[in-house]
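Notes for the structure review
Listed here are the chains, written in short residue letters.
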Amino acid sequence: MEKFIVSIKAKQRYSLGDPVNITFSITNNTDSEQKVLKWNTPFDKFSQGYLYITNQGKFLEYDGVFMKRGEPLADDYIVIPPRETKSTTLDLTTIYNLNEPGLYDLQFSGFIDDFFEKKKNIKSSRRFRRLFQAEPLESNKISFEIIDTTVKRSKKIRMTVGAKQRDIEKNYDKLKKDSKGSSYTFLQPDIILRQNPKNKFDSGELFIEMTIDAHYALGEFIPYSYADLSLSPDTEPGHVEMIFGKYCYDNFKGFYSVRDNLITMRDVLRNTKFTYSFNGDRCKDNSYAYTFKGSKTVYLCNMYKKAPFSGENSKMGTLFHELTHAIIGTNCDENGKPTPEVYGREECRKLAIKDPAKACKNADSYEFFLETVFTYWKDKGIFDINPDYQTLIKERTIIPYYNPNLTVYQGSIFTVYQNPKSGDLCCTTYNGKVSSTTIINSSKNIYWGQPGVVVYKNKLFVTYKKGGNLEFITYDGKNWSSNQILIMNFDSDYDPGVAVYKDKIFIVYYNFNYDICCATYDGTIAATHTIAKLNRTTKYGDTPGIGICDDTLFVIYNDLMSNLYAITYDGTSWSKPNYLHEHCELYSQPLLGFFPPISSQSPRLSSINDFLYISCENIQTKTSHQLRMYRDSNTKKFILTDNEELEKSSDEPNKIKTSQPYSVVKLKDCNYAIHYGNREQHPVPDGSYPFLYLFRQNNTIHCNDGSW
């Protein structure tokens, strides 16, 4: 026998623009008095619930409050005597957009999250989450119609609470970037300190500082988290599978949905001004924070004040939790169907096993992931400790994820990169004996990635993303120029690959539609066009590789299955995309341990004399690997082979230890490969990451000691 029976009643018709009030009832079908948790039912005005509305088979998206809560309070329960019914009314237009005439279907289908018998002489008013006892419930399915009885519909629009919040934000001061047009230096969030009588706590200077630092830390730390997606399950304790399930780890769709969500979070946090307010009128004593979908405001509540800076149920985690609702719309599936949130680490683990696709859209799973990965890297000594509140990131340091680009100019190697600690755009020169570093742009607002560098018309030419544009700076051997815009409104998430060919600079990148584009620059204007429509629904890799082999321009990239593809340009027309090995004869096997050759990272191309070096990541060993291409003088065909020169370095104690592709240049009859070193094994005074280099001279492999 069912312990509870739920039912819904509504009128058959409602006029457009009027409230759509329904009656929701729960009947206690037992012989004892029961306490029933109101969460996720219409008895709770502030939660998403298990109410599902469809119009012509399409689910309506929930547009109400998204609130992170702690343990339930006594008034979160209702008491229902035996064999009796409790009812409440709810205006559906407050949480669902019902501004279109039509026929709608409505049903409650889900759970009572907790219930227990109220026993005499035992003071039990609530229970902890770990003791919850859920009861599956499904109501009757009803239909109602909304009819338009007016001529001027504009007077009959009803706004949801989410729409009202977004409308309020339109009246905020127009969001402007800082004076430098920052996209790397995060915009200072607003902190609204108007005291709400319901929130009886002080908002002192330290508390404000912690909130600002938590906001900054999120934007800077997210690259750690999506890098960790690639590292697991090699990292302990296998964060991805534990929190998001095998669907995310084994399934491209699941993996890239999580990664793309994290990248979206990073970009929005870096370029949008958010407001954190202590003035929310929906806060309760057990609330951490709440927000609305598409909102730029997070309301902070009493439990947030008590939360630690990092760790479980932390300030960082709470902000991230709520921002996933606001930015990427967590807890709503791809069909628009609302999915009630699962809370708590143990429950998130269970969800990852039971329904991993839902875990990939669960806000508390994202909080769990971020807090776990943050603790993982913090324990490795990445962050400094502030004694005022234990875990503030005093120096915002990012692990270098991409090895730097380099070229040879005026007898020295020029390595251009963004300092992972300060955010400065730097250039390190090395003449084979000594090195020196110059800060060429200290605005700290350049996209953290891999700035491009080539020699063009006797000048060093450096490209990098800044704000929404692609910019460049030049060096004539004595002075650096000022910043100049190369491509306005640059539609790519990453720095592009660059090469000089036929007296023009060729710039290749993935656009926002995941197609490969190429811009050419002749010194005056950049012209852009698409060279390959890939028909992808997600991007795989960051930047296509570009290089020249025997007067032919090669653009090489990897697909969703890690196959290497190539597009060529002969100065007149572009070829169609094809497997890399279809452009060449294979001289040695196995290439990258596989045939045909594949790579799990976008390749890096380096042109030296008559050779094109193709640096990849071996998908099997997770180590860097190089291919070498050249054109046979007799057959006129391209030959693809393993780079045996660098393979000979495998016995060296300081061989190249990087999984990321890297660039190679030639200086004074030596080939140099440069990559980031390990800060723990090669410490440097300022705590940043050193460059390590390897070069071949007279059939001998040499490595430096990490001092550069």
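The structure we're discussing is the one just above.
These numbers come from a predicted model, not from an experiment. (Residues numbered from 1 in each chain as written. Predicted model: local features only at pLDDT ≥ 70, side-chain atom pairs only at ≥ 80, totals over all residues. Heavy atoms only, no water.)

1. Some points on the overall build of the protein
When helices and strands are counted, the protein shows 11 helices and 42 strands. Counting only residues that meet the buried cut, the protein has 56% of its 708 residues in that class. The long-range share in the protein, meaning contacts at least 24 apart out of those at least 6 apart in sequence, stands at 63%. As displayed, the protein has an accessible area near 31,000 Å², and 47% of this comes from carbon and sulfur atoms. (Helix = DSSP H or I, 4+ residues; strand = E, 2+ residues; numbered from the N terminus. Buried < 20%, exposed > 50% of the residue type's maximum accessible area, 1.4 Å probe, protein only. Contact = heavy atoms within 4.5 Å. Areas by Shrake-Rupley, 256 points an atom, 1.4 Å probe, with all protein chains shown as cover.)

2. Here we look at the packing of aromatic side chains
Counted under the stated rule, the structure contains 33 aromatic pairs. Plain terms: the ring middles of Trp 39 and Phe 132 are 6.3 Å apart, the flat faces sit at 70° to each other, and that makes the pair edge-to-face. Of the two residues, Trp 39 is situated in the loop between strand E4 (34-37) and strand E5 (51-55) and Phe 132 in the loop between strand E11 (115-117) and strand E12 (135-138); the sequence distance between them amounts to 93 residues. Looking at Trp 39, the relative accessible area reads 4%, which means it is buried. Residue Phe 132 is classed as partly exposed on the basis of its relative accessible area of 23%. (Phe/Tyr/Trp six-rings, centres within 6.5 Å; stacked < 30°, edge-to-face > 60°.)

3. A short note on the sheet that holds strand E9 (residues 85-91)
The 3 strands lie next to each other as E1-E3-E9, forming an open sheet whose pairing is antiparallel. Only two strands of the sheet have a single neighbouring strand rather than two, namely strand E1 (4-9) and E9. In this sheet, neighbouring strand axes are inclined to one another by 20° on average, regardless of whether the strands run parallel or antiparallel. Judged from the 7 bridges that link them, strand E3 (residues 21-28) and E9 form a sheet pairing that is antiparallel. Along E9, the bridge assignment pairs Phe 24 with Thr 88. (Pairing = 2+ DSSP bridges. Axes fitted to C-alpha atoms, helices over the stretch in contact; angles between N-to-C directions.)

4. Describing the state of the cysteines
The final tally for this structure, using the stated rule, is 1 disulfide. Each disulfide pairs two cysteine sulfurs, and for Cys 283 the partner residue is Cys 301, the sulfurs being separated by 1.9 Å. As the torsion about the S-S bond is roughly -65°, the Cys 283-Cys 301 disulfide counts as left-handed. In this pair, Cys 283 sits in the loop between strand E15 (275-277) and strand E16 (287-291) while Cys 301 sits in the loop between strand E17 (297-300) and helix H6 (302-306), placing the two residues 18 residues apart along the sequence. Each member of the pair, Cys 283 as well as Cys 301, carries the same accessibility label: buried. The cysteine Cys 426 is free of any disulfide, with Cys 427 supplying the nearest cysteine sulfur at 8.8 Å. Of the residues examined, Cys 426 reaches a relative accessible area of 3% and is grouped as buried. (Disulfide = S-S within 2.5 Å.)

5. Some remarks on the sheet that holds strand E26 (residues 497-501)
If you walk across this open sheet you meet the 4 strands as E26-E27-E28-E29, and the pairing is antiparallel. Two strands in the sheet have a free side with no partner beyond their single neighbour: E26 and strand E29 (526-532). The sheet shows a mean angle of 25° between the axes of neighbouring strands, direction not considered. Pairing of strand E28 (residues 516-521) with E29 involves 6 bridges; the strand directions are antiparallel. Its bridge partner lying in E29, Cys 518 is registered against His 529.

6. Observations regarding the pattern of salt bridges
Evaluation of the coordinates by the stated rule reveals 19 salt bridges. We note a salt bridge from Arg 13 to Glu 145, for which the minimum N-O separation is 3.4 Å. One end of the pair, Arg 13, is in strand E2 (residues 13-15); the other, Glu 145, is in strand E13 (residues 142-147), with 132 residues separating them in the sequence. Accessibility expressed as a relative area gives 28% for Glu 145, which makes it partly exposed. Several salt bridges share partner residues, and in doing so they unite Lys 68, Asp 364 and Glu 367 into one network. (Salt bridge = Lys/Arg side-chain N within 4 Å of Asp/Glu carboxyl O.)

7. Regarding the side chain of Asn 261
Within the fold, Asn 261 resides in helix H5 (residues 252-271). Asn 261 sits in the buried class, given a relative accessible area of 16%. In contact with Asn 261, other than residues within four places in its own chain, are Ile 328, Cys 360 and Tyr 366.

8. Notes on the nonpolar core
For soluble globular proteins, the rule of thumb is that nonpolar side chains tend to be buried together. Counting 42 residues, the largest nonpolar core has Ile 26, Leu 51, Leu 92 and Leu 106 as the members making the most contacts within it. Elements supplying a minimum of two residues to this core: E1, E3, E5, strand E7 (66-69), strand E8 (77-80), strand E10 (102-112) and E13. Considering every element that reaches this core, the biggest residue donor is E10, with 4 residues. In contact with Leu 92, other than residues within four places in its own chain, are Val 20, Ile 22, Leu 51, Ile 53, Leu 98, Leu 106 and Phe 144. (Core = buried A, V, L, I, M, F, W, Y, C linked by side-chain atoms within 4.5 Å.)

9. Details of the pairing of strand E21 (residues 435-441)
Relative to E21, strand E20 (residues 425-430) runs antiparallel, the two sharing 6 bridges. Considered in E21, the bridge of Thr 428 is made with Thr 437.

10. Quick notes on helix H7 (residues 315-328)
Helix length check: H7, at 14 residues, gives a terminal C-alpha distance of 19 Å against a target of 20 Å (1.5 Å per residue), a fit within 8%. A large share of H7 lies buried, amounting to 13 of its 14 residues. Its side-chain oxygen placed 3.0 Å from the backbone nitrogen of Gly 317, Ser 314 serves as the N-cap of H7. Downstream of H7 by one or two residues, Gly 329 has phi in the positive range, about 65°. (Expected span 1.5 Å × (residues − 1). Polar contact = N/O pair within 3.5 Å; in protein donor to acceptor, adjacent residues only side chain to side chain.)

11. Structural notes on the layout of surface pockets
Using a probe with the size of a water molecule, rolled over the atoms, empty space left in the structure can be pinpointed. One number sums up the size of the second largest pocket: a volume of about 1,400 Å³. Taken together, 48 residues make up the lining of the second largest pocket; nearest its centre are Asp 113, Glu 341, Val 342, Tyr 343 and Glu 347. Counting residues per element, the ones that place at least two in the lining of the second largest pocket are E7, E10, helix H8 (345-354) and helix H10 (363-379). Top element by residues in the lining of the second largest pocket is H8. It accounts for 7 residues. Class assignment for the residues of the lining of the second largest pocket results in 20 nonpolar, 9 polar and 19 charged. (1 Å grid on protein atoms, 1.4 Å probe; cavity = no way out; pocket = protein on both sides within 12 Å on 5 of 7 lines; lining within 4 Å. Points joined across faces, edges and corners; volume = space filled by probe spheres on them. Nonpolar A, V, L, I, M, F, W, Y, C, P; charged D, E, K, R; others polar.)

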